Amino acid sequence: MLTRQVVKLWRSYPRILKNCENRDKSCVRNQTINLLKRNYSSDVVVIGGGAMGASVAYWLKDKTVGSKKDLRVVVIEKDPTYSCCSTSLSVGGIRQQFSVPENIQMSLFGASFIKNIKSKFGPEADISFMPNGYLILASENGAQRLSNNFKLQQQLGATNRLFTKQQLKKRFAWLNVDDIELGCCGGENEGWFDPWGLLSLLRSGASSKGAEFIQGEAVDFVFGANGELRGVVVKLPNNEQKTISFEHCVITAGAESGKIAKLARIGSDDLSTPLPVEKRKRYVYRFDSQGDNPPEINSPLMIDYTGVYFRRDGGSYIGGLSPKPEEEPETNNLDVDFDFFDNRVWPLLAHRIPAFQSVKVKSAWGGFYEYNCFDANGVIGPHPGHSNLYFATGFSGHGIQQSPAAGLAIAELIVDGAFKTIDLTRMGFDRLITHKPLYEIGIY
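Residues numbered from 1 in each chain as written. Predicted model: local features only at pLDDT ≥ 70, side-chain atom pairs only at ≥ 80, totals over all residues. Heavy atoms only, no water.

Visitor: Before we go on, may I ask you to explain the environment of Gln 241 in this structure?
Guide: Along the chain, the position of Gln 241 falls in strand 13 (residues 241–245). Spatially, the C-alpha atoms of Gln 241 and Asp 375 are 36 Å apart, while their sequence positions differ by 134 residues. Those residues within four positions of Gln 241 in sequence are excluded, and the remaining contacts are Val 219, Val 233, Val 234 and Lys 235. (Helix = DSSP H or I, 4+ residues; strand = E, 2+ residues; numbered from the N terminus. Contact = heavy atoms within 4.5 Å.)

Printed below as a string of C-alpha cells:
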C-alpha cells in the first residue's frame, strides 16, 4: 500500500537561494549598477547565465584572457538567485549511454572535466560527483537497440558493460527482471553530481577571468541598416532599458531560448525557420522505501524501458517520469502534481523494484526542460542568417552534463572560427532548415 506524507514542496535544492544571496547576487548587483550609468559595448553578449551560459563565458575568457584576443564578455541573467533555473533544478546526471555520437563525445568530455575539476578551479573545488553509473534496461523488443548503442559507445571510449537477465538478477538483487532482456551499466564516468556546484564554479571561474554578469532581461534586439544584429536591449531591475552592443551574441537562455530567438526575428520573414525550443515542466519526487531489500547505497541511476527512473539521494531516493504528450502540464508555474506520482510513476517503480511497493513521498520539486520539439537534441552553432548569432540550447534534459563541452564548442567557433575539440557540425541550426533530425534511438 502506498502511503504519502508531504512534508514540504521543494522547488529547488535547499541551499540554492542561500548560496546565491550570500555570494553571487551582490556581485551581479554591482555590475548592474554600472550598467545603469551607461550603455555597454561588448565583444560577446551571452543571454542566459545558467550552466550553459556560464560555460560559454568561462571558455571564452579561458581562451583569450591575457592575449591580444582578450574578449569583453557580458552575461545577461534575469534571476541571479536561479530559483527557477533548469540547472539548479536538475538531478545532475551524467552518462555516455546515447546513440548519437556527438552526445557520447560531449558527455565523455563532461566526465573528464568533472573528474579534473580541481585542476581548473583549485583544490577546494568540489561538486560531489558520485560515479555510481547509469543502468539502462531493455525489454526483448529493445534489446538489439541497446546492444547496438553499447557497441557505438565502446568504440568512442565509453566504459560500460552489458548484463543479461541472469547477470542483472545476480548483480542487482533488488531488481525485478521478469520482463527485462538486457541491461547496460556505465562505469566510472557515469553517475551524478551537484548541478549548483558546477554552475557556481563555472560562473566564478568566468568572473575571475573578467566576464561580467548582469541582472536583466533581454527584451529586444538592435538591427543595422541591412538587418544585421548590432545589440540587445536589456530591461534592468528598475524597469529602465539599456542597450548592449556586441560583435557576437550567444543564446543560452534554456527554456526561454525560443522566445529570445523570436526577438531576433528567427522564424519570420526571410528567417522563416523558428528555433523549436519550448518550456516543458518535469517533476522530481523524493521518497523513502518501506519495503524489504531496497536498492543499496551504491546503486546506479536506473532508467527503465518504460522511461521511469530513480537514483539514491543520501538515505532516500529521487525519481520521476516524463509525461506522455497528452499529459504535458502547464508551464506557468512550478507546482507539483502528486497524483502523477500515484498514478503514473509509482506503479512503474513498484513493478521494477519490489521494495518500492511501499514508499513514503517526502518532498518534490518541479523544473523546466528546454525541450527541442524537432528532435530533442541540442542546437549548437551559428544561425545561417545572422552570422554573429549563436545557439547553445534545446538539450532536452541533457544540458547540465553537456554544458562544459558545448560551452567550449561555442568559444572555439567565436575565437578559432571552427570546432576544434569535438566536431558538432551536425548539431547546428542548418539541420532544422534541411529537415535532418538527429534522433536518439532507444534512449530516454
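Visitor: Where do I start with the sheet that holds strand 4 (residues 73–77) in this structure?
Guide: In a beta sheet, neighbouring strands pair by backbone hydrogen bonds and run either parallel or antiparallel. Taken together, the 6 strands give an open sheet; going across it, the order is 10-4-3-14-21-20, and neighbouring strands pair in mixed fashion. Strands with a single pairing partner mark the edges of an open sheet, and in this sheet they are strand 10 (212–215) and strand 20 (379–382). For this sheet, the mean inter-axis angle between neighbouring strands, taken without regard to orientation, is 20°. Relative to strand 14 (residues 248–251), strand 3 (residues 44–47) is paired through 4 bridges, and the arrangement is parallel. (Pairing = 2+ DSSP bridges. Axes fitted to C-alpha atoms, helices over the stretch in contact; angles between N-to-C directions.)

Visitor: Help me understand the pattern of salt bridges in this model?
Guide: In this structure the tally under the stated criterion is 20 salt bridges. Note that Arg 280 and Glu 328 form a salt bridge whose closest N and O atoms lie 3.5 Å from each other. Here Arg 280 is found in strand 15 (residues 277–289), whereas its partner Glu 328 is found in the loop between strand 18 (316–320) and helix 9 (338–352), with 48 residues between them in sequence. Taking relative accessible area as the criterion, Glu 328 reaches 24% and is therefore assigned partly exposed. Its salt-bridge partner being Glu 328, residue Arg 282 comes within 3.0 Å of it at the nearest N-O pair. Placement of the pair is Arg 282 in strand 15 and Glu 328 in the loop between strand 18 and helix 9, with a sequence separation of 46 residues. Where salt bridges share partners, they join Glu 278, Arg 280, Arg 282 and Glu 328 into one cluster. (Salt bridge = Lys/Arg side-chain N within 4 Å of Asp/Glu carboxyl O. Buried < 20%, exposed > 50% of the residue type's maximum accessible area, 1.4 Å probe, protein only.)

Visitor: How do you make sense of the nonpolar core when you look at a structure like this?
Guide: Note on soluble globular proteins: their nonpolar side chains tend to be buried together. One finds Leu 60, Val 73, Ile 380 and Ile 410 to be the most contacted residues of the largest nonpolar core, which totals 54 residues. Excluding residues within four positions of it along the chain, Leu 60 makes contact with Val 44, Leu 71, Val 73, Ala 411, Ile 414 and Val 415. (Core = buried A, V, L, I, M, F, W, Y, C linked by side-chain atoms within 4.5 Å.)

Visitor: What is the right way to read the packing of helix 3 (residues 101–115) against helix 10 (residues 399–415) from this model?
Guide: What describes two packed helices is the angle between their axes and the distance between those same axes. At their nearest, the axes of helix 3 and helix 10 sit 7 Å apart, and the two run at 100° to each other. Here helix 3 lies roughly perpendicular to helix 10, going by the angle between them. Here Asn 103, Met 106, Ser 107, Phe 109, Gly 110 and Phe 113 of helix 3 come into contact with helix 10, specifically with Gln 401, Gln 402, Pro 404, Ala 405, Ala 406 and Leu 408. When the residues that make up the contact of helix 3 with helix 10 are grouped by side-chain class, the tally is 7 nonpolar, 5 polar and no charged. (Parallel < 35°, antiparallel > 145°, perpendicular 65-115°, else oblique. Nonpolar A, V, L, I, M, F, W, Y, C, P; charged D, E, K, R; others polar.)

Visitor: Hey, could you run me through the side chain of Asn 377 in this one?
Guide: Position of Asn 377 relative to the elements: it lies in the loop between strand 19 (359–372) and strand 20. For Asn 377, the side chain forms a polar contact with the side chain of Asn 103, separated by 2.7 Å. One polar contact links the side chain of Asn 377 to the main-chain carbonyl oxygen of Leu 438, over a distance of 2.4 Å. Dropping the residues within four chain positions of it, Asn 377 is found in contact with Val 100, Asn 103, Asn 372, Gly 394, Phe 395, Ser 396, Met 427, Arg 431, Leu 438, Tyr 439 and Glu 440. (Polar contact = N/O pair within 3.5 Å; in protein donor to acceptor, adjacent residues only side chain to side chain.)

Visitor: When you look at the pairing of strand 14 in this model, what are you seeing that I'm missing?
Guide: Where a strand is regular, its side chains alternate between the two sheet faces. Relative to strand 21 (residues 389–393), strand 14 runs parallel, the two being bridged by 3 bridges. When the sheet's bridge partners are listed, Val 250 is paired in strand 21 with Tyr 390.

Visitor: Please explain the sheet that holds strand 12 (residues 229–235) as it appears in this structure.
Guide: Spatial ordering of the open sheet is given by 2-13-12-11, a layout of 4 strands whose pairing is mixed. A single partner strand is all that each edge strand has here, and the edge strands are strand 2 (40–41) and strand 11 (217–223). Sheet analysis places strand 11 next to strand 12, joined by 6 bridges and oriented antiparallel. Each residue of the ladder has a partner; that of Val 222, found in strand 12, is Gly 231.

Visitor: I keep staring at empty space enclosed by the protein and nothing clicks. Help me out?
Guide: Rolled over the atoms, a probe with the dimensions of a water molecule shows which regions are left empty. Counted according to the given criterion, the structure contains 1 cavity of 30 Å³ or more. Its volume calculated, the largest cavity comes out at about 40 Å³. With 4 residues, the top contributor of residues to the lining of the largest cavity is helix 10. Of the residues in the lining of the largest cavity, the class split is 6 nonpolar, 1 polar and 1 charged. (1 Å grid on protein atoms, 1.4 Å probe; cavity = no way out; pocket = protein on both sides within 12 Å on 5 of 7 lines; lining within 4 Å. Points joined across faces, edges and corners; volume = space filled by probe spheres on them.)

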